[in-house]
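# Close look at the chain arrangement
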Amino acid sequence: MPFIIGIPAAASAFLSAGLTTQISVAIVICLVIVLITASLPSEWDEAPRSLPGPSFLSIVPFFRQRHDFLNWGFHITGQSTFQFQLMNNTVIVLSGASARRAFFNAKGFDLTEGFKILSGAIPMVRGVTSGVQTKRVSTIHKRLAAVQRNARLSELIPAILEDSRRIFDNYGASGTFDPFQQINELIFQTTVRSLSSCEIADDASTVARLKTLYDRLDTGTTPATVLVPWFPTPAMIKKLWATKEIYGIVSRAIDAREKSGISRNDTLQMLIDSGDEKLVVVGFIMGLLIAGARATGTTASWIITYLGGYAEWRHKAQTEVEALLSAHSDATTSSISSRLAEIPLEIWESQTPVLDSIIRETLRVAQPHTAMRRNLGPEVYINEKLIPSGAYVVYPFSDVHLDPEIYPDPWHFDPSRKEIDSTVDLPLPYVGWGVGKTTCLGTRLAKVELKLTLSLFLLGFDYILVDKSGAPIAPPTPNWNDILQCRPPLGSCFIKYTRTPLAL
Ligand code: HEM
């Protein structure tokens, strides 16, 4: 109380003092305030620093210019961890080796919940691709493992090659194409073949329709469709419509197979024979087509693009495949697709060091992934910063894959880079197929698809990279702001090819 009574007296003494005294007193008061606040154990010291400016300004750059936006965040905050708001959601962005290790191993960090709000590429059909019970998700993962058992994966080899042969045959004797379109279409076909039914995969018009619908889901993803999915914007309605049509195609294929009573040798049959409920079968096909076809298509497009510009690596890869053909196939077999089909799965998986290093390096430099999680609790500390329960947490792959300290000249495609020893040099130096708690569950299938389609293309075509006027160009730099394909500017890069004398 005496303290309160004394305040008016002190104020009037201060006001009646001279200007110099007033300034000195003001400076002393400011200093005292700064010292007191600095010495207080503030809870905000624990919170990652926030981005400056109004939070709504973060929304569009996060979805449209993600790579630049995240880099800017690290730069402007001067921190290895920062946070921003996406509507009511706190998003914490991490970087650095110890944060990477903590992120990928944290028990409470959930991938599905993280993707739901932050990605939006997945169509949300309750019970099918969203809100899927954990039990259903684990059944889907179990079936995906079954597709990749040796016997089943071996059976897929001739089917993938036959699809590729049919598509490459349509290319004619020579021409040009956009790898980010055509190679994506090829991989979409082989992924549909691997994950759905013969009836769907054999019908080119249904596959083309599915591809159009999935593209619509991807391109129809706007900040609004992700953050306020219940709001009926035109983009949202288009997405819902596309999802409904995909659901219809898959659902009709299941019904037709069950009604026919005829058993076929494909993944749909395996799912039906496992006695799974329809929601699991639809969820498997719809969900994994999204997870699988896009990532594999992007990788295949970039591999073919890089090899178009780096003749040395193209020849090394060709030589490796030719050696496999000589060792494991019958030279009198008429076509290269049939000869490639004679090479056993275990050889594809263990005797292709050149193809393996090309895939690995392509994923390092041209996979613009930002891993996303939601912390379902408890709260944890990473980089000495608090990650509260309920917060979203993201880790951009660029933090490790494009770090010049780890990969000198990081934008340069160089499959001869030495693998970094994670036990000696640095924790988790490579995350191309995921690490820790979450690793890619489709790796075996994806690698086989990549190796088969690439081998057939390399033996069947001579090619170079050109611009739209037909002049040879060096491979473009991947655009990490394009979160789906890392695609260079439209119309800037094409494959110019001629058929080799070998019969596909
Ligand atoms: C070149 C192709 C592919 C690449 C580079 C790739 C990469 C990845 C990565 C990096 C993750 C972890 C993501 C994270 O931590 O945020 C992941 C997860 C996953 N991938 Fe792939 N993937 C590919 C193809 C496929 C295919 C073909 C399928 C299925 C047929 C598939 C199914 C999955 C699934 C189900 C998960 C989530 C695993 C979980 O929830 O624990 N992927 N993939």
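Since we're looking at a predicted model, the values are computed, not measured. The numbering scheme is per chain: residues are counted from 1 as the chain's sequence reads. Thresholds applied to this predicted model are a pLDDT of at least 70 for local features of residues and 80 or more for the giving and counting of side-chain atom pairs; totals over whole chains, interfaces and linings are not thresholded and use all residues. Excluded from the side-chain calculations are hydrogens and water; all other atoms, namely the structure's heavy atoms, are used.

## Things to note about the sheet that holds strand S6 (residues 370-375)
So the rule is basically this: Any two strands between which DSSP finds at least two bridges are classified as paired. Helix and strand assignments follow DSSP, with helices taken as H or I runs no shorter than four residues and strands as E runs no shorter than two, numbered in order from the N terminus. Only heavy atoms matter for contacts: two residues are in contact if any of them lie within 4.5 Å across the pair. Between N-to-C directions, angles cover 0 to 180 degrees, with each direction set by a line fitted to C-alpha atoms, over the stretch in contact for helices.
Read across the open sheet, the 6 strands follow the order S1-S2-S3-S9-S6-S4; overall the sheet is mixed. The strands lining the two open edges of the sheet, one partner per strand, are strand S1 (49-50) and strand S4 (109-110). Where S1 meets strand S2 (residues 82-86), 2 bridges bridge the pair, whose relative direction is parallel. Among the inter-strand pairings, serine 50 is bridged to a residue of S2, identified as glutamine 83. Across the sheet, helix H4 (residues 66-77) is in contact with S1, S2, strand S3 (89-93), S6 and strand S9 (392-396); its angle to S2 comes to roughly 130°.

## Here we look at the sheet that holds strand S12 (residues 461-466)
The sheet built from 3 strands is open, its strands ordered S5-S13-S12 with antiparallel pairing. The strands lining the two open edges of the sheet, one partner per strand, are strand S5 (174-177) and S12. Between one strand axis and the next, the sheet turns by 20° as a mean value, whatever way the strands run. Where S12 meets strand S13 (residues 494-499), 6 bridges bridge the pair, whose relative direction is antiparallel. Paired with leucine 465 across the bridge in S13 is isoleucine 495. Against the sheet, helix H15 (residues 278-309) engages S12 and S13, with an angle of about 85° to S12.

## A closer look at the site of the ligand
The condition is simple: By convention in this text, a residue qualifies as near a molecule or strand provided that one of its non-hydrogen atoms is within 4 Å of it. Polar contacts, as used here, are pairs of N or O atoms within 3.5 Å; protein pairs need one atom able to donate a hydrogen and one able to accept it. Residues neighboring in sequence count only if both atoms are side-chain atoms. Following the grouping adopted for this structure description, the nonpolar residues are Ala, Val, Leu, Ile, Met, Phe, Trp, Tyr, Cys and Pro, the charged ones are Asp, Glu, Lys and Arg, and the polar ones are all others, Gly among them.
Around the ligand, 25 residues are found, and the nearest of them are Gly292, Thr299, His369, Arg373 and Cys440. Interatomic distance of 3.0 Å between a side-chain N/O atom of histidine 369 and an oxygen atom of the ligand. The side chain of arginine 373 places a nitrogen or oxygen atom 2.8 Å from an oxygen atom of the ligand. Of all elements in the fold, only helix H7 (134-147), H15, S6 and strand S11 (438-439) reach the threshold of two or more residues within the shell around the ligand. Examining the composition of the shell around the ligand, we find that 5 residues originate from one element, H15, more than from any other. Here the shell around the ligand is composed, by residue class, of 13 nonpolar, 11 polar and 1 charged.

## Description of the pattern of salt bridges
Put simply, the rule reads: Whenever a carboxyl oxygen of Asp or Glu lies within 4 Å of a side-chain nitrogen of Lys or Arg, that contact is scored as a salt bridge. The cut-offs for exposure are 20% and 50% of the maximum accessible area for each residue type, with area from a 1.4 Å probe on protein chains only; residues under the lower value are buried, those over the upper are exposed, and the others partly exposed.
Evaluation of the coordinates by the stated rule reveals 24 salt bridges. The residue glutamate 349 makes a salt bridge to arginine 444 at a minimum N-O spacing of 2.7 Å. Within this pair, whereas glutamate 349 is found in helix H18 (residues 345-350), its partner arginine 444 is found in helix H21 (residues 443-460), the two being separated by 95 residues in sequence. By relative accessible area, glutamate 349 is classed as partly exposed at 31%. Judged by its relative accessible area of 28%, arginine 444 is partly exposed. For glutamate 361, the salt bridge is made with arginine 417, and the minimal N-O distance between the two is 2.9 Å. Taken as a pair, glutamate 361 in helix H19 (residues 353-366) and arginine 417 in the loop between helix H20 (398-401) and strand S10 (434-435) lie far apart in primary sequence, 56 residues in all. Connected through shared salt-bridge partners, Glu162, Arg165, Asp169 and Arg499 make up one network.

## A short note on the packing of aromatic side chains
Note the following rule: Classification of ring pairs rests on two measures: the distance between centres of Phe, Tyr or Trp rings, Trp counted by its six-membered ring, which must be within 6.5 Å, and the angle between planes, read as stacked under 30 degrees, edge-to-face over 60 and tilted in between. Charge-over-ring contacts are defined here by two conditions on Lys NZ or Arg CZ: a distance within 6 Å of the ring centre and an angle within 35 degrees of the ring normal.
Scanning all chains against the criterion turns up 29 aromatic pairs. Aromatic side chains phenylalanine 180 and tryptophan 302 sit 5.0 Å apart centroid to centroid with 65° between the ring planes, which places their arrangement in the edge-to-face category. On the criterion of sequence distance, the pair formed by phenylalanine 180 in helix H9 (residues 179-195) and tryptophan 302 in helix H15 is long-range, its members being 122 residues apart. Across the pair, tryptophan 302 and phenylalanine 180 agree in class, each one buried. An aromatic cluster is built from Phe62, Phe63, Phe69, Trp72, Phe74, Phe82 and Phe84, whose rings are joined through pairwise contacts. Over the ring of tyrosine 463 we find arginine 314, and its NZ or CZ is 5.1 Å from the ring centre. Against the face of tryptophan 313 rests lysine 316, its NZ or CZ located 4.0 Å from the ring centre.

## Section: the UniProt feature "binding site: heme" (unreviewed entry) in the protein chain
Going by this rule: UniProt positions are given in the numbering used here, feature names are shortened, and annotations may be inferred rather than shown by experiment.
Residues annotated by UniProt as "binding site: heme" (unreviewed entry) correspond here to Cys440. Here cysteine 440 shows up in the loop between S11 and H21. Exposure remark for cysteine 440: the relative accessible area of 36% places this residue in the partly exposed category.

## So, the environment of threonine 176
Relative to the assigned elements, threonine 176 resides in strand S5. Counting along the chain gives 290 residues from threonine 176 to valine 466, while the straight-line C-alpha distance between them is 8.6 Å. Residues contacting threonine 176, with those up to four places away along its chain left out, are Val466, Ile495, Lys496 and Tyr497.

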